[in-house]
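Each chain is listed here by its residues.
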Amino acid sequence: MPKFETSYYIPRLRKMINCKTVSVRNSFDPAEFMKLREVMRELFPVIHEKAEIKYFSEDCWVYKIEGKDKNRNFMLMSHHDVVGENGEWKYPAFGCEEHEGKIWGRGTVDTKTPLFCEFTAVEELLTEGFIPSCNLYIVSSHNEEFFGDGIHEAHKYFKEQGIKFDLILDEGGAIIEPPVDGVKASKCAMVAVHEKGRYYFTCEANTDSIYQDITKARKKNPVEKMTAFINEVNTSDIFIVRLNKQVRDMFTYIAPHINFPLNKIFSNLSLTGGLIKKIMPSLNPQARGLIGTTCTFTKIEGSSMDKKCTATAYFQPVSSEDFKKDLEAFTSLAKKYGISVTQRENCEFYEPADISSDGFLYTKKCIEEIFPENPVVPFILPAGTDARVFRDICPANLRFAPIKMSDKQLGLVHCPNENLDIPNILWAIRFYKHFVKNYS
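Just so you know, the residues in each chain are numbered from 1, in the order the chain's sequence is written. The predicted nature of this model means local features are confined to residues of pLDDT at least 70 and side-chain atom pairs, given and counted, to a pLDDT of 80 or more, with totals for whole chains, interfaces and linings taken over all residues. The side-chain values count all of the structure's non-hydrogen atoms but skip hydrogen atoms and water molecules.

Novice: Pulling in residues and values, what's your account of the layout of surface pockets?
Specialist: Lining residues are defined by having an atom within 4 Å of a point belonging to a cavity or pocket. Those points lie on a 1 Å grid over the protein atoms alone, cavities being sets where a 1.4 Å probe fits but cannot get out and pockets being open sets with protein on both sides within 12 Å along at least five of seven lines. Grid points are joined across faces, edges and corners, and a volume is the space filled by probe spheres set on the points. Volume-wise, the second largest pocket comes out at about 510 Å³. Grouping the amino acids of the lining of the second largest pocket by side-chain chemistry returns five nonpolar, three polar and six charged. Amino acids outside the nonpolar list (Ala, Val, Leu, Ile, Met, Phe, Trp, Tyr, Cys, Pro) and the charged list (Asp, Glu, Lys, Arg) are all regarded as polar, and Gly is one of them.

Novice: Could you give an account of a negative patch on the surface, naming the residues involved and the relevant values?
Specialist: Patches here: salt-bridge-free residues with over 30% relative accessible area, like charges joined within 9 Å, nonpolar side chains (Val, Leu, Ile, Met, Phe, Trp, Tyr) joined within 5 Å. A 1.4 Å probe and the Shrake-Rupley method give the accessible areas. Residues count as covered only by the protein chains that appear here. We count a salt bridge whenever a side-chain nitrogen from Lys or Arg sits within 4 Å of a carboxyl oxygen from Asp or Glu. In this count, Lys and Arg are taken as positive residues and Asp and Glu as negative ones, while His and the chain termini are left out. The location of each charge is read from NZ of Lys, CZ of Arg, CG of Asp or CD of Glu. Taken together, Glu-58, Asp-149, Glu-153 and Glu-160 make up a surface patch of like negative charges. A helix here means a DSSP run of H or I that spans at least four residues, while a strand means a run of E at least two residues long, and both kinds are numbered starting from the N terminus. Within the element layout of this structure, Asp-149 appears in the loop between β6 (134–140) and α5 (150–161). In this structure Asp-149 comes out as partly exposed when scored by relative accessible area, which is 35%. Any residue under 20% of the maximum accessible area for its type is buried, any over 50% is exposed, and the rest in between are partly exposed; the area is computed with a 1.4 Å probe on protein chains only.

Novice: Please set out the pairing of strand β3 (residues 69–77) residue by residue, giving values where relevant.
Specialist: Two strands qualify as a pair provided that DSSP identifies no fewer than 2 bridges between them. Bridge analysis of β3 against β6 gives six bridges, and the strand direction is parallel. Paired with Asn-73 across the bridge in β6 is Asn-135. In this structure, β3 lies alongside strand β7 (residues 167–170), joined through three bridges in parallel fashion. By the bridge assignment for β7, Phe-74 is matched with Leu-167.

Novice: Before we move on, could you go through the sheet that holds strand β10 (residues 199–206) and cite the residues and values that matter?
Specialist: Reading across the sheet, the four strands line up as β11-β12-β10-β13 and stay open at both edges, with antiparallel pairing between neighbours. Strands at the two margins of the open sheet, each flanked by one partner only, are β11 (294–301) and β13 (340–343). Across this sheet, the average inter-strand angle for adjacent strands is 25°, counted without regard to direction. Helix-sheet contacts for helix α6 (residues 222–235) involve β10, β11 and β12 (308–316), and the interaxial angle to β10 is about 140°. To obtain an axis, a line is fitted to C-alpha atoms, over the contacting stretch when the element is a helix, and the angle between two such axes runs from 0 to 180 degrees between their N-to-C directions. By definition, residues are in contact when any of their heavy atoms lie within 4.5 Å.

Novice: Describe the nonpolar core, listing the residues and the values that go with them.
Specialist: Residues Phe-431 and Phe-435 are the most contacted members of the largest nonpolar core, which totals 92 residues. Setting aside anything within four residues of it in sequence, one finds Phe-431 in contact with Leu-169, Cys-366, Ile-367, Ile-370, Phe-371, Phe-400 and Pro-402. The term nonpolar core refers to a set of buried residues drawn from Ala, Val, Leu, Ile, Met, Phe, Trp, Tyr and Cys, joined through side-chain atoms within 4.5 Å. One finds Val-233, Phe-315, Phe-323 and Phe-349 within the second-largest nonpolar core, a separate group that totals 24 residues.

Novice: Which residues make up the environment of Thr-6, and what values do they have?
Specialist: Relative to the assigned elements, Thr-6 resides in helix α1 (residues 6–17). Separated by 19 residues in sequence, Thr-6 and Arg-25 place their C-alpha atoms 35 Å apart.

Novice: Any chance you could break down the packing of α1 against helix α2 (residues 30–43) for me, citing the residues and the numbers?
Specialist: How two helices sit against one another is set out by the angle between their axes and by the gap between those axes. At a closest axis distance of 9 Å, the pairing of α1 and α2 adopts a crossing angle of 160°. Here α2 runs roughly antiparallel to α1, going by the angle between their axes. Where α1 crosses over α2, the handedness of that crossing is left-handed. In this structure, α1 uses Arg-12, Lys-15 and Met-16 to contact α2, whose residues at the interface are Leu-36, Val-39, Met-40, Glu-42 and Leu-43. Small angles under 35 degrees read as roughly parallel and large ones over 145 as roughly antiparallel, with 65 to 115 read as roughly perpendicular and the rest as oblique. Should the near helix be turned anticlockwise from the far one by less than a right angle, the crossing is left-handed, and should it be turned clockwise, the crossing is right-handed.

Novice: Explain unusual backbone geometry to me, using residue names and the numbers behind them.
Specialist: Cis geometry is adopted by the peptide bond preceding Thr-111, which originates at Asp-110 and carries an omega value of -15°. A cis amide bond links Phe-260 with the next residue in sequence, Pro-261, at an omega value of 10°. The backbone phi angle of Asn-346 is positive, close to 65°, even though this residue is not glycine. On the secondary structure map, Asn-346 appears in the loop between β13 and α12 (358–370). If you check the backbone angles, Asn-417 has positive phi at about 70° while not being a glycine. Note on placement: Asn-417 falls in the loop between α13 (407–411) and β16 (419–421).

Novice: Please provide a residue-by-residue account of the pattern of salt bridges, values included.
Specialist: The tally for this structure, following the rule as stated, stands at 24 salt bridges. With its nearest N and O atoms 2.8 Å apart, the salt bridge here joins Asp-421 to Lys-102. Of the two residues, Asp-421 is situated in strand β16 and Lys-102 in strand β5 (residues 102–104); the sequence distance between them amounts to 319 residues. Accessibility expressed as a relative area gives 26% for Asp-421, which makes it partly exposed. Its salt-bridge partner being Asp-392, residue Lys-159 comes within 3.1 Å of it at the nearest N-O pair. Here the residue Lys-159 occupies a position in helix α5, and Asp-392 occupies one in the loop between β14 (376–381) and β15 (397–399), the gap between them amounting to 233 residues. The exposure class of Asp-392 is partly exposed, given its relative accessible area of 43%.

This is how it looks when you write it as structure tokens:
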């Protein structure tokens, strides 16, 4: 375990949590963010002495610590912005107080504790005279919570400078309860290797649009057209359903750690894949989302007196190739109802990490050495992280924070009473030190 105890680390982490670095779309108040910068300089003087530091957008940090091999790079990441309090808290939202064996506060999970542990691990290594095997970057954005521009500006800089990375480790996965029943271990180390894409389309029906389907031509009202269209999208099977490679990898990795008969089912996907594909949609929305594109209508505007009705369709595809066909099916169905479909801005899709890469295999090895009781399982993350934008300059852009959480604690992210078990601080520092020290 680390040489210091939690009584040393918690007051230091508290100084970071106390900074109310709440990110707000289309607005930036620098006071708390600049306060956090000063706290980081106070807590980690050796890093600030040795690192080359750049800032992008209003407050995206890029720290570079030069290594022995100056032609290779790896990166640690965690964002330092947080969402607001969002409700009534049991303990102060930005207090980082100790109660019930936990620390409570906004950012304890998402993601100031991982960021603190990354900086602490590197600070302690540098204090001991350690030099990384190659260039080490620590990157933290200030507007991750709403997919802001900070990390995009850093990515642009790396592209312009021709800087590529062998491995990037961001937040997104953690050590949590198993994704399926029957796993022998109480928790699995879930490493996200992919994120679902995000596409927004505006669907519009108006009084001039005409049904191609003559049997529905009596419905002239734009609201009726849109309602009928949405109902058919939600009740028909127009999207491709398949077990993509990342889902197959998840089942393959978990198979040795699961009880009979699921271990046999997950070990023989060439025979049982069809059955799993049929069962998953009935389990829960998250399981359905792993096997194909999902579509959610997030906003509908119009009335029976209006000349038009619009709806926003939000797509999350797993596969870019499948989504092309899914969109063709969607627009074809819309056309039948006389509805136009227009793509909006801020759409994105990034390819998955390479699970056969040295970067993934090294990360898996480190997790197994520090948390041997928790099987490593790759998965697809439905949420978003900053790591997604680096796929074109890194084959192994992975998402894993070395913190253990219950399902209840995981569910409190972005909600009141976000909290984390205190021992996580020690274990996370230990993991990051091991990860950085042994990287070659």
